[in-house]
Amino acid sequence: MSALNTGRTAVPTQTGVGAAVRTRLRGRRRDTGAIWRGLFFASAIFLVISIAAILVMVGRQAAALFTQVRPLAFLFGRVWAPEHGLYGALPFLVGSLAATGLALLIGVPLGLAGAIYLAKLATPRAQRVMRPAIELLAGIPSVVYGWVGLTALVPFIRRHSGHVTGFGLLAAGVVLAVMVLPTFISLAEDALRAVPQDIEHGSLALGTTRWQTIAHVLIPAAWPGIAAAGILSMARAIGETMAVQMVLGNSPVIPAGLIVPASTLTSEIVLEMGSTPQGSPANNALFAMGLLLLLISLGLIIAVRATRKEATAGVRQAH
Amino acid sequence: MSAKRIDQIARWTVTAAAGLILLVLGYILGSVLINGLPVLSWHFLTSRSSNLEPGGGISMQIFNTIYIVTLSMLIAVPIGLGAGVYLAEYARPGRLTSLIRLATESLASVPSIVFGLFGMIVFANAAGLGFSRLGGAATLAILNLPLIVRVSEEAIRAVPADLRHASLALGATKEQTIFSAVLPAAVGRLATGVTLAAGRALGESAVLIATAGMSSPRYLTFDPLASGETLAVHLWAVNAENSLSDAARIANGTAAFLILAMLAVSLGIGWFARRLDRRLAGQG
């Protein structure tokens, strides 16, 4: 320390010029620091601006529709016939909800089993196979899911059901179920792993079997996290577009069954967005459907946040 | 039935479900590659697509995909990294920070087709770009931002505090510390995250149909204002338009190419991750 000090005083630059240069350099350093700080902050604010801009721009086009069509006639109208001035979006809403429900019905049990296997049963070697496999499932582009659905699943359903085409909600539900697996499994596995081990050990020490502990202790304790995984899978499924559009058959009516052509909000938007003139009621109606999707997604995010709060409160209570 | 028997059956069922998941993945990859690999000739990869005659290739789509993904990452990475740095290094708990986090989570949940609507109205219509690679890339960048922000923040938070303290103790400013100590230490994880985001951009299509468009310029050009149909959009469009007698052949080839590209990205991520592990092991 003292050596440093002597070194410092030995340098004869404490002249006016040297000091001025040094202060200026230091000033500049602080200025660039402030600029960087400003840029970091601006980047973060850009996210807020983006979501606000999406809400405003999509909302504005939707509002233009609602000057011509009553919102309730849009939301609950059963007939979609833009050429006759009828903009009922109920067929698409029903299609979206049915496809999503079916996807969860198939995907959640399968995904929960996968998560339990990964978190509690798999050997390290099996994990080394399963984990990359699930990442690959997440990485497959949705058009490729759609293409496999169209060329393999739809013909399969046609052959085994006796229906004319095989298109419809069943095909969409199965494809979506596979597509939500990665989201659901990774989140549910995290939730299962987050359960404190003492609880599990306590249960096993009471003489329960491995499965009794999993079913009666682990899953109830991890429930808020598993519910959050389900809600996020729902958000993923309801917003999925390409794969669904390719296997649905695209008929804008409330489907009478699972193996008849149907439509969803997303599939109708992607089909019509390029072919309807901007500003026309038919085009604005697509934005109104987009707004509906946006509000559903935001609602689901808020629901996830609520379950997450519950989860942290639960863990705190457990301790 | 005894508890032991139930335990056995339940374990067997869960393991079978895991096996089924592997089987589904194997079927998808296998069927796409078996149908598509024979299509991937040199001619298919290097010739232009045609809307009228069979025998077209995917050269322009490959070029457009690389172009748009690169451009979108050039836009998204600086902004996402900046926001990640802000959230990890500066943000204090409070209203503003929770607003930024809520915005990030909300943005991550927006369906990609809604980004497509947004990009169409903002870039193609209001900005007057029409169908353009720039508009497509910009929309894709916004779609990818939340993912990049999340991986950046996690990468920066994973850097040990000692490193920061050492740098600050040497008299470096906070920003000098970030640029010369924190970010270099986080580069492995950042690279993994950016590769992941690029992989996602590679397969995205709903965003691009009405922003980058479903056609390619007549000649090879780097013009960002030209339209640019990507591979994923092409796979959809040849089916939707269904004007070609060999649409199925082209779709099979395009799907196989996309899967190969995805596998390459996954291998890249694995490689980064292994390098990172080795480096961390060396440090420990």
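Keep in mind the model is a prediction, meaning the values are calculated, not measured. (Residues numbered from 1 in each chain as written. Chains lettered and ligands numbered in written order. Predicted model: local features only at pLDDT ≥ 70, side-chain atom pairs only at ≥ 80, totals over all residues. Heavy atoms only, no water.)

This next bit is on the layout of surface pockets. Of the voids in this model, the second largest pocket is the one considered here, and its volume is about 480 Å³. Lining the second largest pocket are 18 residues, and of these Leu-153, Val-174 and Val-178 of chain A together with Val-24 and Tyr-27 of chain B sit closest to its centre. Elements with a contribution of two residues or more to the lining of the second largest pocket: helix H4 (90-121), helix H6 (142-161) and helix H7 (169-193) of chain A together with helix H1 (3-36) of chain B. Element by element, the count of residues in the lining of the second largest pocket is highest for H6 of chain A, at six residues. (1 Å grid on protein atoms, 1.4 Å probe; cavity = no way out; pocket = protein on both sides within 12 Å on 5 of 7 lines; lining within 4 Å. Points joined across faces, edges and corners; volume = space filled by probe spheres on them. Helix = DSSP H or I, 4+ residues; strand = E, 2+ residues; numbered from the N terminus.)

Before going further, it helps to examine the domain arrangement of chain A. All names here are of chain A. In terms of domain boundaries, chain A breaks down into domain 1 (2-66) and domain 2 (73-318). Between domain 1 and domain 2, the contact holds nine residues from the first and twelve residues from the second. In total, domain 1 and domain 2 occlude about 920 Å² of area from one another, counting both sides; carbon and sulfur atoms represent 83% of this. Counting the surface domain 1 buries against domain 2, the share from its top three residues, Val-58, Gln-61 and Leu-65, is 55%. At the junction of domain 1 and domain 2, the tally comes to zero salt bridges. Our enumeration of links across domain 1 and domain 2 arrives at one residue pair in polar contact (both at pLDDT 80 or more). Among the residues forming the side of domain 1 that touches domain 2, the class breakdown is seven nonpolar, two polar and no charged. (Domains from an automatic or database assignment. Contact = heavy atoms within 4.5 Å. Buried area = accessible area lost by both parts, 1.4 Å probe. Salt bridge = Lys/Arg side-chain N within 4 Å of Asp/Glu carboxyl O. Polar contact = N/O pair within 3.5 Å; in protein donor to acceptor, adjacent residues only side chain to side chain. Nonpolar A, V, L, I, M, F, W, Y, C, P; charged D, E, K, R; others polar.)

A word on the environment of Gln-245 of chain A. The topology assignment puts Gln-245 of chain A in helix H11 (residues 242-248). Exposure remark for Gln-245 of chain A: the relative accessible area of 7% places this residue in the buried category. C-alpha of Gln-245 of chain A to C-alpha of Ala-172 of chain A: the two residues are 73 residues apart in sequence and 8.2 Å apart in space. Excluding residues that lie within four positions of it along the chain, Gln-245 of chain A makes contacts with Asn-250, Ser-267, Val-270 and Leu-271 of chain A together with Trp-236 of chain B. (Buried < 20%, exposed > 50% of the residue type's maximum accessible area, 1.4 Å probe, protein only.)

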